[in-house]
Amino acid sequence: MRVHHLNCGSFCPHGRRLVNGEGGWLERGHIVCHCLAIETGDGLVLVDTGFGIEDARNPGQLGGAFRLLMSPRPKPETTALRRLEALGFAAGDVRRIVTTHLDLDHSGGLPDFPDAEVHLLAAELEAALHPALRDRMRYIGGAHWTHEPKWVTHEAGGEQWLGFESVRILPGLDLEILLVPLIGHSRGHTGVAIRDGEGWLLHCGDAYFNHGELRRPPHSPPMTGFFQNLTASDNRARKANQERLRELVSRHGDQVTPICSHDPHYLEGEPAGAGAAVADE
């Protein structure tokens, strides 16, 4: 098994000091879309997709408010499709996509892999297909699933994984992948745990935004905390799950390597032992 770490989209909002915790107040910040491509004996598994080809062609579909606040930079060459082609793969090699959630910066590449199964928690699909008023900006009116994806939904729970509920998916493959529900950022948000040799790689999605949030005491750049509070569907659950992740690192840091979606820290070599890292703006 090999895991490729891919940056499939960037954001460049003003105020690097506020966004990244370093640099100038007027510099552009740097936020990534950290996705995974996992080689298996039965094709590729993608964990999240970042922005897609159509987002790059028509960035207006991402919504005016989102573009004003976050300054996304969708480009064809940084999509999951083009990243994989650069590694020698084709769209048809992606047999399965596992999503942490369906926010627009995590699901934009779904139309680029129309034949892939899309695995996610049932609660997240329900929230996306029938969004509450406050959730409509995050799911952009379903623009990323007009091609009618091959949804495969899973219910939370069923097994325990290091103190967390989990659900084992893709049992027929030559690797272990678990959905680890981390509700709060969205109604059906989940982490994705991948067996990596003797340990685990845990993609936490948007359960946290900055590596400092898993330290004790936790800390993060001011804008990071503000944005998480602003966009959480259940902020109490989000904060509780962050505390559980800190406990996980404290107890099982020798077994689990956590990453999150938007902190460039992880694409600068932190998980290099898991595979090939690809990162740029």
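> Just checking my understanding: could you explain the confidence of the model for the chain for this structure?
Segments scoring low in pLDDT should not have their predicted coordinates read at a detailed level. When pLDDT is averaged along the chain, the result is 92, and 95% of the positions lie at 70 or above. Low pLDDT, under 50, characterises residues 270-281; the predicted model gives this stretch 32 contacts beyond four residues in sequence or across chains.

> Explanation requested: the nonpolar core in the structure shown.
The nonpolar side chains of a soluble globular protein tend to be buried, and buried together. Membership of the largest hydrophobic core comes to 35 residues, with the highest contact counts inside it found for Ile-38, Trp-161, Ile-177, Ile-194, Leu-202 and Leu-245. Only β2 (31-40), β3 (43-47), β9 (164-169), β10 (177-181), β11 (190-196), β12 (199-203), α9 (235-252) and β13 (256-259) provide two or more residues apiece to this core. Broken down by element, this core gets its largest block of residues, four residues, from β10. Setting aside its immediate chain neighbours within four residues, Ile-177 contacts Ile-38, Val-45, Val-167, Arg-168, Ile-169, Leu-170, Val-192, Ala-193 and Ile-194. Membership of the second largest hydrophobic core comes to 24 residues, among which are Cys-35, Leu-110, Phe-113 and Leu-120.

> Please clarify how the environment of Phe-11 should be interpreted in this entry.
Following the sequence through the fold, Phe-11 ends up in strand β1 (residues 2-11). As for Phe-11 and Val-32, which are separated by 21 residues in sequence, their C-alpha atoms are 6.5 Å apart. Apart from residues lying up to four places away in sequence, Phe-11 is in contact with Gly-29, His-30, Ile-31, Val-32, Cys-33, Phe-51, Phe-66, Met-70, Ser-71, Pro-72, Asp-105 and His-262.

> Would you take a moment to explain the pattern of salt bridges for this structure?
Pairs may arise between side chains of opposite charge once their charged atoms sit close together. Here the structure, examined in full by the defined rule, presents 14 salt bridges. With its nearest N and O atoms 3.7 Å apart, the salt bridge here joins Arg-138 to Asp-135. Each member of the pair, Arg-138 as well as Asp-135, carries the same accessibility label: buried. Here Arg-216 ties to Glu-243 by a salt bridge, and the two come within 2.9 Å at their closest N and O atoms. With a gap of 27 residues between them, Arg-216 in the loop between β12 and α8 (222-231) and Glu-243 in helix α9 connect regions that are remote in the sequence.

> Which parts of the structure should I look at to understand α8?
Along an α-helix, residues three or four apart share an orientation, since each turn contains 3.6 residues. Among the residues of α8, those classed as buried are Thr-224, Gly-225, Phe-227, Gln-228 and Thr-231. The arc that holds the buried residues of α8, viewed along the axis, is 165°, so those residues lie on one side. Along its buried surface, α8 packs onto α1 (16-20), α3 (64-70), α7 (136-139) and α9.

> I'm lost on a nonpolar patch on the surface in this one. Help?
Taken together, Leu-69, Met-223, Phe-226 and Leu-230 make up a surface patch of nonpolar side chains, about 350 Å² in accessible area. A total of three residues in the nonpolar patch trace back to one element, the largest contributor, which is α8. Mapped onto the elements, Met-223 comes out in helix α8. Overall, the relative accessible area of 33% leaves Met-223 in the partly exposed class.

> I'm lost on the state of the cysteines in this one. Help?
Disulfides are covalent bonds that connect the sulfur atoms of two cysteines. Scanning the model with the defined rule gives zero disulfides in all. Left unpaired, Cys-8 is separated from the closest cysteine sulfur, that of Cys-35, by 3.9 Å. The thiol sulfur of Cys-204 is not disulfide-bonded, and the nearest other cysteine sulfur, from Cys-260, lies at 7.4 Å.

> Just to check I follow, could you spell out the side chain of Asn-7 for this structure?
Residue placement: Asn-7 occurs in strand β1. With relative accessibility at 1%, the residue Asn-7 sits in the buried group.

> In this structure, what is going on with the sheet that holds β13? I would like to understand it.
In a beta sheet, neighbouring strands are held together by backbone hydrogen bonds and run either parallel or antiparallel to one another. One open sheet holds the six strands; their spatial order is β8-β9-β10-β11-β12-β13, and the pairing between them is mixed. The outermost strands of the open sheet, each flanked by one partner alone, are β8 (159-161) and β13. With direction set aside, neighbouring strand axes in the sheet form an average angle of 35°. Of the pairings in the sheet, the one linking β9 to β10 comprises three bridges and is antiparallel in character. Each bridged residue has a counterpart across the sheet, and for Arg-168 the counterpart in β10 is Leu-178. In the packing of α9 onto the sheet, contacts are made with β8, β9, β12 and β13, and the angle to β9 comes to roughly 80°.

Calculation criteria
Residues numbered from 1 in each chain as written. Predicted model: local features only at pLDDT ≥ 70, side-chain atom pairs only at ≥ 80, totals over all residues. Heavy atoms only, no water. pLDDT = per-residue confidence, 0-100. Contact = heavy atoms within 4.5 Å. Core = buried A, V, L, I, M, F, W, Y, C linked by side-chain atoms within 4.5 Å. Buried < 20%, exposed > 50% of the residue type's maximum accessible area, 1.4 Å probe, protein only. Helix = DSSP H or I, 4+ residues; strand = E, 2+ residues; numbered from the N terminus. Salt bridge = Lys/Arg side-chain N within 4 Å of Asp/Glu carboxyl O. Arc of directions from axis to C-beta. Patch = residues over 30% accessible without salt bridge, like charges linked within 9 Å, V, L, I, M, F, W, Y side chains within 5 Å. Areas by Shrake-Rupley, 256 points an atom, 1.4 Å probe, with all protein chains shown as cover. Disulfide = S-S within 2.5 Å. Pairing = 2+ DSSP bridges. Axes fitted to C-alpha atoms, helices over the stretch in contact; angles between N-to-C directions.

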